[in-house]
Amino acid sequence: MIHVYDSVPVLTLGRVLIPLTQLFGLYVLFFGQYGPGGGFVGGVIFGTSMIVSILIFGHDASSSRLARTVLHGDGLGLLIFAGVGGLCLIGGGEFLNYAALDVPGLDDAARRYLGILLAQIGVAVDVAVTAVSIMFSLSVETEDEDVHAGTP
Amino acid sequence: MTFSFEIPLLLLLIITAAGATLVKDLVSAVFLLGSYSFFLALAWAWLGAVDVAFVEAVVGAGLATVLFLLTLFGTAPRDARIDREPFSWPALIGLPLLGVLLLYAASDLPEFGDPVSPASQHVSPFYLENSLRDMRTPNVVTSVLMDYRAFDTLIETVVIFTSGMACALLLRRRRT
């Protein structure tokens, strides 16, 4: 169990930097088709921001509630990714052939664009949830001792 | 091609890698490994692989360091020190020989950015020419990962999911 880190500069900087990090993660995720980045990196940045929030404010803080809620979404990202592939099957194409996504009013290229975006969101959700989940798995063991110094 | 940037970077890479394996304190080893990842990310960015550099900086230097530290604080006492064996003579002789052999083999690799190398002749031109037209995605890396090779990425996502599940099943215990 990680408790709140008792240092004013760390707490203040955490309050300012964690939302900025999450914003940057979303930017990397949604602009992955134009610049470097994409689903994997965006998901890791978002997951790391939640991990830092736990390391600074502790397991029980209200700002760590997002991380604890996210923990229940294990497998959701995989479901999104595979679900997009399944929608392509329903639309009459091959698995993960985004051109077969049955969205009216879009040509093939726009459908592929949409498919890539949805699949990236799936990857990002999966990676972020897994990062937070592994972090929780590793840190619950230390609760019985006085070595809860996960905040270096 | 100038070497003013390459050589200090490679020296720093070697120093941090050697430091991470030689240092006696496990926490210092973790931080040296993190800085090694940062220098490696710089090397990737310098070679033009910006996506790889991004992943290396975020995962190698950020996430992996945190997970290593958490593992360390969960398993070992705070000042865990390692007693290392002295160097063994077969390793001292054999490993430089292996290095020379690898350098000899590396001279056969194609030149960096060679347009007629096998890697840039098979399907790469197709990806580069058709990515923008087919899916309006200027970043070819994303379009290869997410559309042309989407099945690979799906299975990689399954691997990440499985790792999370395995950690949860092995490490999380119900509180008694």
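(A) Geometry of the overall build of chain A. Counting secondary structure elements, chain A contains 5 helices and 0 strands. Its helices and strands taken in sequence order, chain A reads α-α-α-α-α from the N to the C terminus. The C-alpha radius of gyration computed for chain A amounts to 19 Å, which surpasses the reference 15 Å derived for 152 residues by more than 25%, pointing to a less compact arrangement than a globule. The dimensions of chain A, computed from C-alpha atoms along their principal axes, are 60 × 30 × 20 Å. Buried residues in chain A amount to 53% of all 152 residues. At a minimum sequence separation of 6, the contacts of chain A that also span at least 24 residues come to 62%. If you sum the accessible surface of chain A, you get close to 6800 Å²; carbon and sulfur atoms cover 67% of it. Separation of charge centres in chain A, based on 5 positive and 13 negative side chains, amounts to 12 Å.

(B) Molecular detail of helix α5 (residues 124-135) of chain B. Along its 12 residues, α5(B) runs 16 Å from first to last C-alpha, staying within 8% of the 16 Å computed at 1.5 Å per residue. For α5(B), the secondary structure elements touched by its buried residues are α5 (108-139) of chain A together with α6 (140-148) of chain B.

(C) Seen up close, the environment of A:Gly37. For A:Gly37, the position within the fold is in the loop between α1 (8-30) and α2 (39-57). Taking relative accessible area as the criterion, A:Gly37 reaches 10% and is therefore assigned buried. Sequence separation between A:Gly37 and A:Gly25 is 12 residues; the distance between their C-alpha atoms is 9.4 Å. Ignoring any residue separated from it by four or fewer positions in sequence, one finds A:Gly37 in contact with A:Val28, A:Gly32, B:Asp51, B:Phe54 and B:Thr142.

(D) Layout of the domain arrangement of chain B. Its domain assignment divides chain B into domain 1 (1-83) and domain 2 (117-176). Distance between the C-alpha centres of domain 1 of chain B and domain 2 of chain B: 24 Å.

(E) Molecular detail of the interface of chain B and chain A. Facing the 43 residues of chain B at the interface are 55 residues of chain A. Summed over both partners, the interface of chain B with chain A comes to about 4200 Å²; 73% of that surface belongs to carbon and sulfur atoms. At the junction of chain B and chain A, the tally comes to 1 salt bridge. On inspection of chain B and its partner chain A, the count reaches 8 residue pairs in polar contact (both at pLDDT 80 or more). Counting only elements with at least two residues in the side of chain B that touches chain A, the list comes to α3 (50-75), α5, α6 and α7 (150-171) of chain B. When grouped by side-chain class, the residues that make up the side of chain B that touches chain A number 24 nonpolar, 10 polar and 9 charged.

(F) Molecular detail of the packing of aromatic side chains. In this structure the tally under the stated criterion is 10 aromatic pairs over all chains. With a centroid separation of 6.4 Å and an interplanar angle of 50°, the aromatic rings of A:Tyr34 and A:Tyr113 are classed as tilted. On the criterion of sequence distance, the pair formed by A:Tyr34 in the loop between α1 and α2 and A:Tyr113 in helix α5 is long-range, its members being 79 residues apart. Relative accessible area serves as the criterion here: at 46%, A:Tyr34 is assigned to the partly exposed category. What links up through ring pairs into an aromatic cluster is the set A:Phe24, A:Tyr27, A:Phe31, A:Tyr34, A:Tyr113 and B:Phe54.

(G) The arrangement of the environment of B:Thr16 in detail. Residue and element names in this part refer to chain B. Position of Thr16 relative to the elements: it lies in helix α1 (residues 6-22). Once the C-alpha coordinates of Thr16 and Thr71 are considered, the two residues, 55 residues apart in sequence, prove to be 21 Å apart. With residues near it in sequence (within four places) discarded, Thr16 still touches Leu32, Ser35, Tyr36 and Phe39.

(H) Expanded view of the packing of α5(B) against α6(B). Residue and element names in this part refer to chain B. At their nearest, the axes of α5 and α6 sit 10 Å apart, and the two run at 80° to each other. By the angle between their axes, α5 is roughly perpendicular relative to α6. Across the interface between the two elements, Phe126, Tyr127, Leu128, Asn130, Ser131, Asp134 and Met135 of α5 pack against Val140, Ser143, Val144, Asp147 and Tyr148 of α6.

(I) Geometry of the nonpolar core. Core analysis: the largest hydrophobic core is formed by 42 residues, its most contacted members being A:Ile51, A:Leu55, A:Phe81, A:Tyr98, A:Met135 and B:Leu70. Counting residues per element, this core draws most heavily on α5(A), at 12 residues.

(J) Local environment of the pattern of salt bridges. Overall, the coordinates contain 2 salt bridges over all chains when judged by the stated rule. We note a salt bridge from B:Arg136 to A:Asp107, for which the minimum N-O separation is 2.8 Å. Separated into two different chains, B:Arg136 in the loop between α5 and α6 and A:Asp107 in the loop between α4 (76-90) and α5 make up a pair that spans both.

(K) Representation of unusual backbone geometry. Its identity is not glycine, yet A:Leu96 carries a phi of approximately 65°, on the positive side. Summarising the element assignment, A:Leu96 is placed in the loop between α4 and α5. Located in the positive-phi region is B:Arg136, a residue other than glycine, with phi close to 50°.

The rules we used
- Residues numbered from 1 in each chain as written.
- Chains lettered and ligands numbered in written order.
- Predicted model: local features only at pLDDT ≥ 70, side-chain atom pairs only at ≥ 80, totals over all residues.
- Heavy atoms only, no water.
- Helix = DSSP H or I, 4+ residues; strand = E, 2+ residues; numbered from the N terminus.
- Rg over C-alpha atoms; globule rule 2.2 N^0.38 Å.
- Buried < 20%, exposed > 50% of the residue type's maximum accessible area, 1.4 Å probe, protein only.
- Contact = heavy atoms within 4.5 Å.
- Areas by Shrake-Rupley, 256 points an atom, 1.4 Å probe, with all protein chains shown as cover.
- Lys, Arg positive; Asp, Glu negative; His and termini not counted.
- Charge placed at Lys NZ, Arg CZ, Asp CG, Glu CD.
- Expected span 1.5 Å × (residues − 1).
- Domains from an automatic or database assignment.
- Buried area = accessible area lost by both parts, 1.4 Å probe.
- Salt bridge = Lys/Arg side-chain N within 4 Å of Asp/Glu carboxyl O.
- Polar contact = N/O pair within 3.5 Å; in protein donor to acceptor, adjacent residues only side chain to side chain.
- Nonpolar A, V, L, I, M, F, W, Y, C, P; charged D, E, K, R; others polar.
- Phe/Tyr/Trp six-rings, centres within 6.5 Å; stacked < 30°, edge-to-face > 60°.
- Axes fitted to C-alpha atoms, helices over the stretch in contact; angles between N-to-C directions.
- Parallel < 35°, antiparallel > 145°, perpendicular 65-115°, else oblique.
- Core = buried A, V, L, I, M, F, W, Y, C linked by side-chain atoms within 4.5 Å.

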